[in-house]
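# Report on the structure
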Amino acid sequence: MVAQLNRSRLAASLALVSLTSCVFPSGEQAPATPQRPTLSSDTNTTAQGTVELEAGGVIDPADFLEIPTTLKFGVGPRTELFTNWSPYVKQDQPGTDARGQSDLDVGFRHRFLKESEAFPSAAVQITTKIPTGSTREGLSSGEVDFFAAGILSKAMGNASVTAFYELGMLGEANGPDTDVQHSLALAGSYPLLEDLSGFAELAGVFIHEQRFQSVFSTVGVAYPLNPGTVFDVATVIGWSDDAPDFQLVFGATVNFGQLFVDP
């Protein structure tokens, strides 16, 4: 399946990563704040003034291939802006397989409550999906969608736990109404070795109007090459008919440092 990947799109993605690392001066390297590859995000935000890139792959041996890419910028000590986009998606379909780019997500996450001994940290996340994918290929609904999420994160000894809920308002291609999407997740991480941590998540996505129920779990490990670079690999296993049976996900989060550095 990997051999079928459009080489020009892959080369462009790799060139973008290389160009970004050259354009943004590193200064003092800030710690990376990985949010991939789980459905949920925690309350951490990209360090103020720095640029961070998350990139990787999703492979479903049965019928799916994707290159999810997220670019993040820390606009304040507790706030980040982000964009999510996949330059290449391949979805097996009867007849001709669907190939192309995904829709574009644009949003921000703001941590409004700092963690204390008694209380978790809390954040909100607002996202707008812009239909840049192909409706002809079936990779986009062609409608604008809106999402609002609430996030709680808490350290419990060496472990950390995150609770995530997101409400989505999905535009309908054939009418003025909207479908309502509920996304819930409970995720946790724990150090396994000195330089290796494990993470797991149980998540569900539900759309009542479409009778869609996707329940799945993600289990993986993360390895920090250095404070600003974290690699991850995980498996996704579906527990409902609408969820993917199995997926392999892998990628990295890299903080490139300050966007503007004083001379």
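Structure's up top.
Now for a look at the structure at hand. (Residues numbered from 1 in each chain as written. Predicted model: local features only at pLDDT ≥ 70, side-chain atom pairs only at ≥ 80, totals over all residues. Heavy atoms only, no water.)

Glancing now at the pattern of salt bridges. As a working rule, side chains carrying opposite charge can pair if their charged atoms are close by. If you walk through the whole model with that rule in mind, you get 10 salt bridges. Among the salt bridges present, the one from Glu54 reaches Lys72, with a minimum N-O distance of 2.9 Å. Taken together, the residues Glu54 in strand S1 (residues 50-60) and Lys72 in strand S3 (residues 69-76) connect sequence positions 18 residues apart. Among the residues examined, Glu54 registers a relative accessible area of 5% and is labelled buried. Residue Lys90 is joined to Asp97 by a salt bridge in which the shortest nitrogen-to-oxygen separation is 3.5 Å. (Salt bridge = Lys/Arg side-chain N within 4 Å of Asp/Glu carboxyl O. Helix = DSSP H or I, 4+ residues; strand = E, 2+ residues; numbered from the N terminus. Buried < 20%, exposed > 50% of the residue type's maximum accessible area, 1.4 Å probe, protein only.)

In terms of nonpolar packing, the biggest core is built from 21 residues, with Phe164, Phe216 and Val249 touching the most fellow members. Those elements that place two or more of their residues in this core are strand S9 (145-156), strand S12 (196-207), strand S13 (212-226) and strand S14 (229-238). Contacts of Phe216, omitting those with residues within four sequence positions, involve Leu39, Glu201, Leu202, Ala203, Val205, Val236, Ile237, Gly238, Trp239 and Ala243. (Core = buried A, V, L, I, M, F, W, Y, C linked by side-chain atoms within 4.5 Å. Contact = heavy atoms within 4.5 Å.)

A word on unusual backbone geometry. Residue Pro37 follows Arg36 across a cis peptide bond; omega there is 0 degrees. Along the chain, the position of Pro37 falls in the loop between helix H1 (7-23) and S1. Of note in the backbone geometry, Arg211 takes a positive phi value of approximately 50 degrees without being a glycine. Within the secondary structure, Arg211 is located in the loop between S12 and S13.

This next bit is on the environment of Thr33. Mapped onto the elements of the fold, Thr33 is located in the loop between H1 and S1. With 19 residues separating them along the chain, Thr33 and Glu52 place their C-alpha atoms 8.2 Å apart. Filtering out sequence-adjacent residues up to four positions away, Thr33 remains in contact with Asn44, Thr45, Thr46, Glu52, Glu54, Lys72 and Thr253. A polar atom in the side chain of Thr33 sits 2.7 Å from the side chain of Glu52. (Polar contact = N/O pair within 3.5 Å; in protein donor to acceptor, adjacent residues only side chain to side chain.)

On the surface, Val75, Leu81, Phe108, Phe112, Leu113, Phe119, Val124 and Ile126 cluster together to form a nonpolar patch covering roughly 660 Å² of accessible area. Elements that contribute at least two residues to the nonpolar patch include exactly strand S7 (104-113) and strand S8 (121-130). If you tally residues by element for the nonpolar patch, the top one is S7, at three residues. Relative to the elements of secondary structure, Leu81 occurs in strand S4 (residues 79-85). (Patch = residues over 30% accessible without salt bridge, like charges linked within 9 Å, V, L, I, M, F, W, Y side chains within 5 Å. Areas by Shrake-Rupley, 256 points an atom, 1.4 Å probe, with all protein chains shown as cover.)

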